[in-house]
Amino acid sequence: MQILIGIIVTLFILVIAGTWLSNRFGKKNVESAEEEGPNIALDCCGAHEICEFEEMLSNPEEIVYFEDEELDRFQGVSSDDYQDDQIEEFRDVLYTLDSEEIRKWLLSIERRKIQLPSVLKQEAIQLLAEAR
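As annotated in an unreviewed UniProt entry, the protein carries the name Phospholipase and is attributed to Sunxiuqinia elliptica.

Chemist: Let's hear about the overall build of the protein: which residues, and what values?
Modeler: For the protein, the helix and strand inventory stands at five helices and zero strands. Mapped from its N terminus to its C terminus, the protein presents α and β elements in the order α-α-α-α-α. The buried share among the 132 residues of the protein stands at 23%. Across the protein, every contact between residues at least 6 apart in sequence was considered, and the portion connecting residues at least 24 apart equals 72%. For the protein, the computed accessible surface area is about 9,900 Å², with 55% contributed by carbon and sulfur atoms.

Chemist: Run through the packing of helix H4 (residues 102-111) against helix H5 (residues 118-131), naming residues and quoting values.
Modeler: How two helices pack is summed up by the angle between their axes together with the distance between the axes. Where H4 meets H5, the closest approach of the two axes is 10 Å, and the angle between their N-to-C directions is 145°. In contact with Ile102, Arg103 and Leu106 of H4, H5 contributes Ala124, Leu127 and Leu128. For the contact of H4 with H5, the class distribution of residues is five nonpolar, no polar and one charged.

Chemist: Describe a nonpolar patch on the surface, listing the residues and the values that go with them.
Modeler: Taken together, Met1, Leu4, Ile5, Ile8, Val9, Phe12, Ile13 and Ile16 make up a surface patch of nonpolar side chains, about 850 Å² in accessible area. Here Ile13 lies in helix H1 (residues 2-36). For Ile13, a relative accessible area of 52% puts it in the exposed group.

Chemist: A description of the packing of aromatic side chains should follow, citing residues and the corresponding values.
Modeler: In this description, an aromatic ring pair is defined by two values, namely the gap between the centres and the angle between the planes. Across all of its chains, the model carries three aromatic pairs by this definition. Aromatic pair Tyr82 and Phe90: ring centres 5.1 Å apart, planes at 65°, arrangement edge-to-face. Each member of the pair Tyr82 and Phe90 is classed as buried.

Procedures and definitions
Residues numbered from 1 in each chain as written. Predicted model: local features only at pLDDT ≥ 70, side-chain atom pairs only at ≥ 80, totals over all residues. Heavy atoms only, no water. Helix = DSSP H or I, 4+ residues; strand = E, 2+ residues; numbered from the N terminus. Buried < 20%, exposed > 50% of the residue type's maximum accessible area, 1.4 Å probe, protein only. Contact = heavy atoms within 4.5 Å. Areas by Shrake-Rupley, 256 points an atom, 1.4 Å probe, with all protein chains shown as cover. Axes fitted to C-alpha atoms, helices over the stretch in contact; angles between N-to-C directions. Nonpolar A, V, L, I, M, F, W, Y, C, P; charged D, E, K, R; others polar. Patch = residues over 30% accessible without salt bridge, like charges linked within 9 Å, V, L, I, M, F, W, Y side chains within 5 Å. Salt bridge = Lys/Arg side-chain N within 4 Å of Asp/Glu carboxyl O. Phe/Tyr/Trp six-rings, centres within 6.5 Å; stacked < 30°, edge-to-face > 60°.

Shown next, in the form of structure tokens:
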């Protein structure tokens, strides 16, 4: 009986020691992995575009540029106040994007406080619908 109790106590001590060591040294590995770069979420469905978009949604400070930095000068301009040449600048960017990038770009300009010209809103919606 004493041998059985001794074995149980020894196993209990080994489990506690193993858990402590795992937590102590395992966290360093997790931290170094986070520093290495972004990883695909463990619950990712395999459609990485969707997961990347959802990750972008979860980080409201993240702004992704699509070689459209020149559009930042339109911050604060109402969607109805654009001139024809300015609308064409937006249209040029919109139509050079891959169909998968359109949602990200729309989110990007929204986060940059840039309103899409009114006449392009319907075109963007149509392009999004065609991409599905």
